Structure formats: structure tokens, C-alpha cells
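Listed below are the residues making up each chain.
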Amino acid sequence: PPGAGPYPAVIYLYGSTGNSRRVIEHDRLVRAITDRGYALVVPIALDLEYHNGVDSGWFLRHERGQKARNEVAYLKQVIQHAAERHQVDRRRLVLAGQSRGGFLIWEMACHHPDLANAYAPHAAGYLGPMPRRCAGPVRMLHTHGKNDPIVPLAQDALFTSGGARMTPLEVSLRTLARTAGCEPQPVSDAVGGFARQRWRHCQSGSGVEYLLHNGDHNYPQSWISQVLDWYERDKRAPVATSTGGGTPVFRGTGDERRPGFKGVGQPGSGTGGRFKRVPQ
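Predicted, not measured: the structure shown is a model, and the values here were computed from it. (Residues numbered from 1 in each chain as written. Predicted model: local features only at pLDDT ≥ 70, side-chain atom pairs only at ≥ 80, totals over all residues. Heavy atoms only, no water.)

Asker: Lay out the nonpolar core in plain terms, naming residues and giving numbers.
Answerer: By size, the foremost hydrophobic cluster in this structure holds 76 residues, and its most contacted members are Leu 95, Trp 106 and Tyr 119. When residues in this core are grouped by element, the largest group, seven residues, is from helix 4 (residues 100–111). Not counting residues up to four positions away in its chain, the partners in contact with Leu 95 are Ile 11, Leu 13, Ile 105, Met 108, Leu 115, Ala 116, Ala 118, Tyr 119 and Ala 120. (Core = buried A, V, L, I, M, F, W, Y, C linked by side-chain atoms within 4.5 Å. Buried < 20%, exposed > 50% of the residue type's maximum accessible area, 1.4 Å probe, protein only. Helix = DSSP H or I, 4+ residues; strand = E, 2+ residues; numbered from the N terminus. Contact = heavy atoms within 4.5 Å.)

Here it is as C-alpha cells:
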């Protein structure tokens, strides 16, 4: 962003079939973040084996038969590099992402709560059975489309990958709320066109919110701006100072137009379900 650092940052983890360069070359996404004083950091995913070939993705805890990488160590290296080379403030990091990237964010939030200052996945969940409590309290904003056909919300159609089934989202959210010491029952309201559930009276610096929209696997135009609004809403957390220029919304240009692909979404939005990219 313009101006002097250190900068808060959005670390963006894209979905399977995504591409880091394509994300950072998307002007509207970059401006929606940098115009608000945040840096955008986009790590590079692995090449993984899928049903019909090799494509990009993040290594998840329950995967089998894949080329493993310690994603925790890798993300820490990315953060260190960004801090040393680009004045990114390690104390003000929002780990945001979509689909398979969102699955990794859920793992980080539960098992490595100190990696980032806040976690904001879309269209994902915790893959495999989630522990009754996580390693520590976090700030979590989960967003999902109620008509998502790839990572569906219905109990009888929960997402499965690598032999592991996704924990139902309501169970995962309550686990985070329990870990953060929040009240057991959330309150319901609406914000920015999303239906919202939020758990109150959590430990200082933590919180759990859930936004639901009427769309599918792709996030709405206003999602990333809504994430930053949420992050800045908690005055206990250090936030960015706006550099002006407005806050454009992001509308994705679609998955890469490879032969055999159908559907249009954000860059790297696919988890693999309808694209037959689910690892076995």
C-alpha cells in the first residue's frame, strides 16, 4: 500500500487450481486491500495429484498419497520474508482464503492460533474430526454460501477429501467458541447483506462470527471488504489506517479456462468437487 510501513497484511490462500500470480494481478482485489492500508501476501501452493492430473493445492492433515509439505513452517517462512523485505507487521495479519485454502485456514486456526491475528475462510471447514477444544482462542469470521454444491452445508452431503469427512460447520464453530470462552449460544442478525451469527463475551482479543449468503461456492463481491470491516470492528486489535481512494469490491474473473472445466468463480475458487479435483 502507499505510505510508510510497517503494514498490516492479508495473507491470501486460494483454492485448488488457483494461481498466485493470477491473484496478485487482479487489480480490483489488490486495490480492495491496499487502498485500506493493507499489504497483500499470496503464498504459492503445491502441485498435488488429483483425479485427472496435477494441479495446485495446499497439503491438508488428512491427505494420503500426496507430496507432503509442512505448511505451518512454510507459512512462517513467508511471513518472515514479508516482514523483512516488505515491512509487513507480524502482529497484524489476517489469514483469509477460499475453498481448499480455507480448509488450511481452519487447520491453522485450531492448531496454530498464534500464526495470524485473525482468520477468515470462505466455503471451507475443518477436514476430519475436530478436537473438542483447539490449541487456543482465535478471531474467526467464517463465510459460506447456502447453495454451495462443492462444500455443501447439508449433513448428508458434507465434503470428503483424502478419506476424511468435514466436521459439520456448526460443530466446528461451536468448538472455536468454546475454546475462546464465548457464550454457548450465538445471537443472530444481519450485516452488509449477509445473515450473521456471532458468539458474544469471548476472551479478550478473540471472537467467532459466521456469515451466510444466498450464493454458491464463490464469494460475493463484498466479501474481502466485509472481512476487513469485521477485523477493524474490534477496537482491541491493532488495525490499518486508511490511505483513501475508496474501497472497491472484488468480483472474480473465473477459474482458469482449462479444457473440461465448467463454471465461473473467483481466481482459484475451486476445491475440486464439481471439477473432479478431489485428492484420493
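Asker: Can you break down the environment of Arg 91 residue by residue, with the values?
Answerer: Mapping Arg 91 onto the fold places it in strand 5 (residues 88–98). The class for Arg 91 is exposed, based on a relative accessible area of 61%. Considered as a pair, Arg 91 and Ala 9 are 82 residues apart in the sequence and their alpha carbons are 9.4 Å apart.

Asker: Could you give an account of the pattern of salt bridges, with specific residues and numbers?
Answerer: Pairing is possible between side chains that carry opposite charge, provided their charged atoms lie close to one another. Within this structure, the stated rule accounts for eleven salt bridges. Taking the shortest distance from any N to any O, the salt bridge between Arg 92 and Asp 89 comes out at 3.0 Å. Take Arg 92 and Asp 89: they sit in the same class, and that class is buried. The network of salt bridges with common partners includes Asp 189, Arg 196, Arg 198, Glu 209 and Arg 233. (Salt bridge = Lys/Arg side-chain N within 4 Å of Asp/Glu carboxyl O.)

Asker: So, the environment of His 142: which residues are in play, and what are the values?
Answerer: Turning to its location among the elements, His 142 is positioned in strand 7 (residues 139–145). Overall, the relative accessible area of 0% leaves His 142 in the buried class. For the pair His 142 and Ala 120, spaced 22 residues apart in sequence, the C-alpha to C-alpha distance is 5.6 Å. With residues near it in sequence (within four places) discarded, His 142 still touches Trp 106, Pro 121, Ala 123, Ala 124, Leu 169, Leu 173, Glu 209, Tyr 210 and Leu 211.

Asker: For the state of the cysteines, give the residues involved together with the corresponding values.
Answerer: With the rule as written, the count across this model stands at two disulfides. Two residues, Cys 110 and Cys 134, share a disulfide whose sulfurs are 2.2 Å apart. Between Cys 110 and Cys 134, the S-S dihedral sits near -95°, and the bridge is therefore left-handed. Separated by 24 residues along the polypeptide, Cys 110 in helix 4 and Cys 134 in the loop between strand 6 (118–122) and strand 7 bring together distant segments of the chain. Between the sulfur atoms of Cys 182 and its disulfide mate Cys 202 the distance is 2.0 Å. Torsion about the S-S bond of the Cys 182 and Cys 202 cystine: about 110°, corresponding to right-handed handedness. Placement of the pair is Cys 182 in the loop between helix 5 (169–179) and strand 10 (187–191) and Cys 202 in the loop between strand 11 (194–199) and strand 12 (207–213), with a sequence separation of 20 residues. Accessibility assignment for this pair places Cys 182 and Cys 202 in one class, buried. (Disulfide = S-S within 2.5 Å.)

Asker: Account for unusual backbone geometry, naming residues and giving values.
Answerer: A cis amide bond links Gly 5 to the next residue, Pro 6, at an omega of 5°. Among the secondary structure elements, Pro 6 is positioned in the segment before strand 1 (7–13). Not every positive phi belongs to a glycine, and Thr 17 is a case in point at roughly 75°. Along the polypeptide, Thr 17 turns up in the loop between strand 1 and helix 1 (20–24). Positive phi outside glycine occurs at Ser 99, with the angle close to 60°. Take Ser 99: its relative accessible area is 0%, and that puts it in the buried class.

Asker: Summarise the sheet that holds strand 7; cite the residues concerned and give the values.
Answerer: Ordered in space as 2-1-5-6-7-12-11-10, the eight strands form an open sheet in which the pairing is mixed. In this open sheet, the two strands that pair with only one neighbour each are strand 2 (39–41) and strand 10. In this sheet, neighbouring strand axes are inclined to one another by 20° on average, regardless of whether the strands run parallel or antiparallel. Against the sheet, helix 3 (residues 71–86) engages strand 1, strand 2 and strand 5, with an angle of about 130° to strand 5. Sitting on the sheet, helix 5 touches strand 7, strand 11 and strand 12, and the angle it makes with strand 12 is about 155°. (Pairing = 2+ DSSP bridges. Axes fitted to C-alpha atoms, helices over the stretch in contact; angles between N-to-C directions.)

Asker: Explain the layout of surface pockets to me, using residue names and the numbers behind them.
Answerer: By volume, the largest pocket is sized at about 330 Å³. Taken together, 15 residues form the lining of the largest pocket, with Leu 40, Val 41, Val 42, Ala 82 and His 86 sitting closest to its centre. Looking at the lining of the largest pocket, the elements that each hand over two or more residues are helix 2 (27–34), strand 2 and helix 3. Broken down by element, the residue count for the lining of the largest pocket peaks at four residues, all from helix 3. (1 Å grid on protein atoms, 1.4 Å probe; cavity = no way out; pocket = protein on both sides within 12 Å on 5 of 7 lines; lining within 4 Å. Points joined across faces, edges and corners; volume = space filled by probe spheres on them.)

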